[in-house]
Amino acid sequence: MFEKFTPQSRAVVRAATQVAAAFEHDRVHSGHLLFAIVTEGGAVGRALAGLGLDEPSLRAELHGARVLSRGGREVDTDALAAIGVDYEAIRAAADERFGAGVLGLTMVRKAPRRSWWRRRPRPRGPRFSAEAGRALKRAVRLAATRGDGDLTPLHLLLGMLADQFSLAAGIIVRRETSLEQVRHAAAAAAAAAAADDADPGARS
């Protein structure tokens, strides 16, 4: 999948993994990818920061993130709370009535810690969640459909935002920015950067 990724896109994916590990999250989700695009995505990242999706605000979002996973599908509990749905209350009621774990949900915020006598070699890092994996596949398809030779941070961003219920989309909306604003600003920034690269004299 990664052979078409530009060096910048590869840096984004690596940074997303590092961010997830720094927050002790056991999965890389689209929120981590969004953060990595801002920090490593060049012109696209700067465009997002200009919309208020800067490193400090995204760090705060990730620090307080409460994410549940069920059958490979992540659920952003903060987004549900914003529309008046208390997922914890729903889960507690279901557990009481039908038995613990009936909803099959597990917290993915923190990686489990092992007792010292049961420790195993540490994995190389957090794995990508199903949601983030789908975003990467959409980015690959998008680049191919558009006939673009390389997969850039713009493709990664658009691949994430194709799912309006993704964790990244939820963060953007909570920051009072629309997904369309983000798409437009990122595309414009990427086009301007490409034009500058094609005509170095335009920068002088």
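Before any of the text, the structure's been laid out above.
All of these numbers come straight from a predicted model, not from anything done at the bench.

### Describing the overall build of the protein chain
So, step 1. Each helix and strand in the protein chain was counted, giving 10 helices and 5 strands.
So, step 2. When the 204 residues of the protein chain are sorted by exposure, 41% land in the buried category.
So, step 3. Contacts spanning at least 24 positions in sequence make up 65% of the contacts within the protein chain whose residues lie at least 6 apart.
So, step 4. When the accessible surface of the protein chain is summed, it comes to about 11700 Å², and 53% of that surface belongs to carbon and sulfur atoms.

### As for the pattern of salt bridges
So, step 1. In the structure shown here, the tally under the stated rule is 5 salt bridges.
So, step 2. The salt bridge involving Glu 180 is made with Arg 183; its shortest N-O contact spans 3.4 Å. You can see Glu 180 and its partner Arg 183 sitting in helix H10 (residues 179–198), 3 residues apart, about one turn around the helix.
So, step 3. A relative accessible area of 26% means that Arg 183 is categorised as partly exposed.
So, step 4. One salt-bridge network, in which partners are shared between bridges, spans Glu 61, Arg 174 and Arg 175.

### Quick notes on the packing of helix H2 (residues 30–40) against helix H9 (residues 167–174)
So, step 1. Two numbers describe how H2 lies on H9: the axes approach to 6 Å, and their chain directions differ by 60°. For the pair H2 and H9, contact is made by Ser 30, Gly 31 and Leu 34 and by Leu 167, Ala 168, Ile 171 and Ile 172, respectively.
So, step 2. Looking at the contact of H2 with H9 residue by residue, the classes come out as 5 nonpolar, 2 polar and no charged.

### Overview of the environment of Leu 157
So, step 1. Position of Leu 157 among the secondary structure elements: in helix H8 (residues 153–161).
So, step 2. As a C-alpha pair, Leu 157 and Ile 37 span 120 residues in sequence and 7.6 Å in three-dimensional space.
So, step 3. If we ignore the near neighbours within four places in the chain, the residues touching Leu 157 are Leu 34, Ile 37, Val 44, Leu 48, Val 182 and Ala 186.

### Some remarks on the nonpolar core
So, step 1. In terms of nonpolar packing, the biggest core is built from 39 residues, with Leu 34, Ile 37, Leu 48, Leu 156, Leu 157 and Met 160 touching the most fellow members.
So, step 2. Taken together, the elements giving at least two residues each to this core come down to helix H1 (7–22), H2, helix H3 (42–50), helix H4 (55–63), helix H7 (130–145), H8, H9 and H10.
So, step 3. If we skip the residues at most four places from it in the chain, Leu 156 touches Phe 5, Ser 9, Val 12, Ile 37, Leu 136, Ala 139 and Leu 151.

### What to know about H4
So, step 1. Of the positions making up H4, those classed as buried are Ser 57, Leu 58, Glu 61 and Leu 62. For H4, the angular spread of buried residues about the axis comes to 135°, placing them on one side. Exposed positions of H4 whose direction lies more than 90 degrees from the buried face are Pro 56 and His 63.
So, step 2. Residues of H4 that are buried in the fold lie against H1, H2 and H9.

### Examining the packing of H8 against H10
So, step 1. Direction vectors running N to C along H8 and H10 enclose 165°, while the axes themselves pass 10 Å from each other. In terms of axis orientation, H8 runs roughly antiparallel to H10. The crossing of H8 and H10 is left-handed. Across from Leu 154, Leu 157, Leu 158 and Leu 161 in H8, the residues of H10 making contact are Leu 179, Val 182, Arg 183, Ala 186, Ala 187 and Ala 190.
So, step 2. Its residues assigned to classes, the contact of H8 with H10 shows 9 nonpolar, no polar and 1 charged.

Thresholds, definitions, all that
Residues numbered from 1 in each chain as written. Predicted model: local features only at pLDDT ≥ 70, side-chain atom pairs only at ≥ 80, totals over all residues. Heavy atoms only, no water. Helix = DSSP H or I, 4+ residues; strand = E, 2+ residues; numbered from the N terminus. Buried < 20%, exposed > 50% of the residue type's maximum accessible area, 1.4 Å probe, protein only. Contact = heavy atoms within 4.5 Å. Areas by Shrake-Rupley, 256 points an atom, 1.4 Å probe, with all protein chains shown as cover. Salt bridge = Lys/Arg side-chain N within 4 Å of Asp/Glu carboxyl O. Axes fitted to C-alpha atoms, helices over the stretch in contact; angles between N-to-C directions. Nonpolar A, V, L, I, M, F, W, Y, C, P; charged D, E, K, R; others polar. Core = buried A, V, L, I, M, F, W, Y, C linked by side-chain atoms within 4.5 Å. Arc of directions from axis to C-beta. Parallel < 35°, antiparallel > 145°, perpendicular 65-115°, else oblique. Left-handed = near helix turned anticlockwise from the far one by under 90°.

On their own, these measurements won't tell you what the molecule is for.
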